[in-house]
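Report on the structure
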Amino acid sequence: MAEPYDRWHKSRPGKDESTCREHGLAPTSAHGQGDRWQARWRDEAGVQRKQNFARKTDAARHAVTAVADTARGTYVDPRQGKITLAEYSKGWRAASTTDVSTRDATEIRWRVHILPVLGGRTLGQLAARPSTIQAFAAGLQRAGMAENTVRTVLASLSSAFSAAVADRLI
């Protein structure tokens, strides 16, 4: 089912509701409030998901994409990306299987360079705007950080994002 749902009108009015003569529709309690069109689909667990859109075409496009992604097993719930980079990286770093010295160096990179700048942003925000990471890298370079160190910091950040993709958070 990928047909957009009209949140503002219903086709079967109640006893006391007037109908739109032109289309035989009655206003709902949500009439005129928020986005009109709703995309509905079921995720892999069979739970109904929905998202509202201002335009019917956007709702239809999203519903079709969500249904197809679910069928392929590639659907990622956008709500999963609302975890901050600081929260996610804490668990990611704790699960690290590297030796102690590498783990300590990684902790320092995250504590000193990454978390103060990007830690409060959500994974979804960072994934949606690659320019944020580019600006972060440029800031490290402007601060006089050696090129190899910038690469190492970015490699650590990239590893965390790769893990987030594998965890289907983004």
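Scroll up a little and you will see the structure.
Worth saying up front: this structure is predicted, and the values here are computed from it rather than measured. (Residues numbered from 1 in each chain as written. Predicted model: local features only at pLDDT ≥ 70, side-chain atom pairs only at ≥ 80, totals over all residues. Heavy atoms only, no water.)

1. Regarding the environment of Gly120
Secondary-structure assignment places Gly120 in the loop between helix H3 (100–118) and helix H4 (123–128). Assessed through its relative accessible area of 64%, Gly120 is described here as exposed. When the C-alpha positions of Gly120 and Thr84 are compared, they lie 5.7 Å apart, and in sequence the two are 36 residues distant. (Helix = DSSP H or I, 4+ residues; strand = E, 2+ residues; numbered from the N terminus. Buried < 20%, exposed > 50% of the residue type's maximum accessible area, 1.4 Å probe, protein only.)

2. Some remarks on the nonpolar core
Among the nonpolar cores identified, the biggest contains 18 residues, and Leu85, Ile114, Leu123, Phe136 and Leu157 are the most heavily contacted of them. Elements represented by at least two residues in this core include exactly helix H2 (85–94), H3, H4, helix H5 (130–142) and helix H6 (147–166). If one sorts the elements of this core by residue count, H6 sits on top with seven residues. Apart from residues no more than four positions distant in its own chain, Leu123 is found in contact with Gly81, Ile83, Leu85, Tyr88, Phe161, Ala164, Leu169 and Ile170. (Core = buried A, V, L, I, M, F, W, Y, C linked by side-chain atoms within 4.5 Å. Contact = heavy atoms within 4.5 Å.)

3. Remarks on the pairing of strand E4 (residues 37–42)
By the bridge criterion, two bridges tie strand E1 (residues 5–6) to E4 in an arrangement that is antiparallel. Bridge pairing in E4 links Asp6 to Trp37. Bridging between E4 and strand E5 (residues 48–53) involves six bridges; their strand directions are antiparallel. Its bridge partner being in E5, Arg42 is matched across the sheet by Gln48. The turn joining E4 and E5, which pair antiparallel and follow one another in sequence, is formed by five residues; a positive phi near 85 degrees is taken by Gly46. (Pairing = 2+ DSSP bridges.)

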